[in-house]
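Examining the three-dimensional arrangement
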Amino acid sequence: MIRLRLSIMMFLEFFIWGGWFVTLGTFLATTLDASGGEIGQAFSTQSWGAIIAPFVIGLIADRFFNAERILAILHLVGALLMYGLYTAQDFSSFYPLVFAYMVLYMPTLALVNSVAFRQMRDPGLEFGKVRVWGSIGWIVAGLMISYFFSWDAADAIASGALRNTFLMCAIASLALGLYSFSLPATPPKAREGAGASLGQMIGTDALALLKDRNYAIFFAASVLICIPLAFYYQNANPFLSEIGVANPTGKMTLGQISEVLFMLLLPLFIRRFGIKKTLLIGMLAWAVRYGLFAYGTSDNRLWMLILGIALHGVCYDFFFVSGQIYTDAQAGERFKSSAQGMITLATYGVGMLVGFWVAGLITDHYVLANGHDWNAIWRFPALFALAIMLLFVILFREKR
């Protein structure tokens, strides 16, 4: 029963995120008439949330409150903010609400992990079976938007139906908030004498790893590859909707399905080819994906767009997940938790913050009278990812 209860928690946690974040760019552009720069600001709230989250967890949750209780409170307040997003009529009223929401939501990603880990005898064996339900939750949200409610159909988008995604997620957030009070008690680690320092939470303790030339090169590549990553999160759904692809949100769930599948293959690739080649495959996949987006169409070349979406598992798992594995191996026992905090803050915080800003600038630069020059927009992250890959090939020296 514990695994079932934790799986429901994970399902709702990622159902909420996937239920509004994927279609956010399309909603802002069509319903609130936001510019590319404004859309970039909205997406960058994820990065600000990632930067602030360690302080919430490190200074509050890990020292004074049970993890399941603060998880409940954050989601209950989040439900109110999500309802505010549902009723917002312009970007000026929308932005402060989405900023506040993401500052509260991003810490919950660590809290659900804490609740899950503390209830497991062997997290290495058990966690994957629970975490996969988070990916399923994200997939179900996308399928409901496209195939059950049809909120992302062309006529529905024009009438503002994507606004309903926020109401759906407000209800799910309310449900998870109430449900969290029933989760097993997860007292603060600090009470048990095992709380991590703030330096460990945000990763400053692990800065010594950057003295290693190879790791410093990997670290820089991780931050820079977030710029192409931001283009996908910010522009993929608006792009597919604008060029007339049917059920774009449902089709984008192929990315999460491939993420689950390639996660299973990742250990085999690392053992067979080593960490450098695995990372290079991930970077090359980003360049190939955006090349497919640049030249794909909604009719006879739809297969290029579908393949580009399906490459998400290779793009994400082979670079970001393998990068976490590489970081863990380099850190050793002394810096294990600090190193993960550092790489997360650098990528999802700083890297994505810059990435969303750049994506907004490029998108605004290629606005046309009847839409966007998507070919030019997608060529930028494709060439950028290719340049990072070539530099990584030259500079990184693998040590097995």
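Attention here is on the structure that accompanies the text. A quick note: this is a predicted structure, and the numbers were derived from the prediction, not measured.

What to know about the overall build of the protein chain
A count of helices and strands for the protein chain gives 14 helices and two strands. Taking 2.2 N^0.38 as the reference for a compact globule, 400 residues should give roughly 21 Å; the C-alpha atoms of the protein chain span a radius of gyration of 20 Å, in line with that estimate. Expressed as lengths along the three principal axes of its C-alpha atoms, the size of the protein chain is roughly 60 × 50 × 35 Å. Considering the protein chain as a whole, with its 400 residues, one finds that 55% of them fall into the buried category. Sequence separation of at least 24 residues holds for 84% of the intrachain contacts in the protein chain that already meet a minimum separation of 6. For the protein chain, the exposed surface amounts to about 16700 Å²; the carbon and sulfur share of it is 67%. Measuring between centres, the 26 positive side-chain charges of the protein chain sit 11 Å from its 22 negative side-chain charges.

Considerations on the nonpolar core
Ranked by size, the top nonpolar core spans 125 residues in total, and within it M9, W17, W20, L28 and F94 carry the most contacts. Among residues more than four places away in sequence, those in contact with W20 are M82, V98, Y101, M102, T165, F166 and C169.

Comments concerning the pattern of salt bridges
Proximity of charged atoms lets side chains of opposite charge pair with each other. Applying the stated rule across the entire model yields one salt bridge. E68 is the partner of R69 in a salt bridge, and the nearest nitrogen-oxygen pair spans 3.8 Å.

Looking at unusual backbone geometry
The phi angle at S150 is positive, at roughly 55 degrees, despite the residue not being glycine. Phi is positive for N247, which is not a glycine, with a value near 50 degrees. Considering the arrangement of structural elements, one finds N247 in the loop between α10 (213-242) and α11 (248-295).

Digging into the packing of aromatic side chains
Enumeration over the complete set of coordinates arrives at 43 aromatic pairs. With a centroid separation of 5.6 Å and 45 degrees between ring planes, the pair formed by Y83 and Y86 is classed as tilted. Here Y86 and Y83 lie together in helix α4 (residues 67-87), a separation of three residues that amounts to about one turn. Between R131 and the ring centre of F14, over which it is positioned, the NZ or CZ distance is 4.1 Å. One residue, R289, lies across the ring of Y232, its end atom 3.8 Å from the ring centre.

Side note on the environment of G37
Mapped onto the fold, G37 is located in helix α3 (residues 36-61). Considered as a pair, G37 and G255 are 218 residues apart in the sequence and their alpha carbons are 25 Å apart. Among residues more than four places away in sequence, those in contact with G37 are G360 and D364.

Let's talk about helix α8 (residues 164-180)
Structurally, the α-helix is built with 3.6 residues per turn, so residues lying three or four positions apart point the same way. If you check α8, its first and last C-alpha atoms are 24 Å apart, about what 17 residues at 1.5 Å a residue would give, namely 24 Å. Every buried residue of α8 is accounted for by T165, F166, M168, C169, A170, A172, S173, L176, G177, Y179 and S180.

Concerning the side chain of S146
Within the secondary structure layout, S146 lies in helix α6 (residues 123-148). Here the side chain of S146 touches T249 through a polar contact of 3.4 Å, landing on its backbone nitrogen.

Digging into the environment of L24
Inspection of the secondary structure puts L24 in helix α2 (residues 24-30). Taking relative accessible area as the criterion, L24 reaches 0% and is therefore assigned buried. Filtering out sequence-adjacent residues up to four positions away, L24 remains in contact with A42, F43, F94 and F166.

A few points about a nonpolar patch on the surface
On the surface, L284, V288, L383, L386 and L390 cluster together into a nonpolar patch covering about 410 Å² of accessible area. When residues of the nonpolar patch are traced back to their parent elements, those giving at least two are α11 and α14 (374-395). Along the chain, L284 turns up in helix α11.

Parameters at a glance
Residues numbered from 1 in each chain as written. Predicted model: local features only at pLDDT ≥ 70, side-chain atom pairs only at ≥ 80, totals over all residues. Heavy atoms only, no water. Helix = DSSP H or I, 4+ residues; strand = E, 2+ residues; numbered from the N terminus. Rg over C-alpha atoms; globule rule 2.2 N^0.38 Å. Buried < 20%, exposed > 50% of the residue type's maximum accessible area, 1.4 Å probe, protein only. Contact = heavy atoms within 4.5 Å. Areas by Shrake-Rupley, 256 points an atom, 1.4 Å probe, with all protein chains shown as cover. Lys, Arg positive; Asp, Glu negative; His and termini not counted. Charge placed at Lys NZ, Arg CZ, Asp CG, Glu CD. Core = buried A, V, L, I, M, F, W, Y, C linked by side-chain atoms within 4.5 Å. Salt bridge = Lys/Arg side-chain N within 4 Å of Asp/Glu carboxyl O. Phe/Tyr/Trp six-rings, centres within 6.5 Å; stacked < 30°, edge-to-face > 60°. Lys NZ or Arg CZ within 6 Å of the ring centre and 35° of its normal. Expected span 1.5 Å × (residues − 1). Polar contact = N/O pair within 3.5 Å; in protein donor to acceptor, adjacent residues only side chain to side chain. Patch = residues over 30% accessible without salt bridge, like charges linked within 9 Å, V, L, I, M, F, W, Y side chains within 5 Å.

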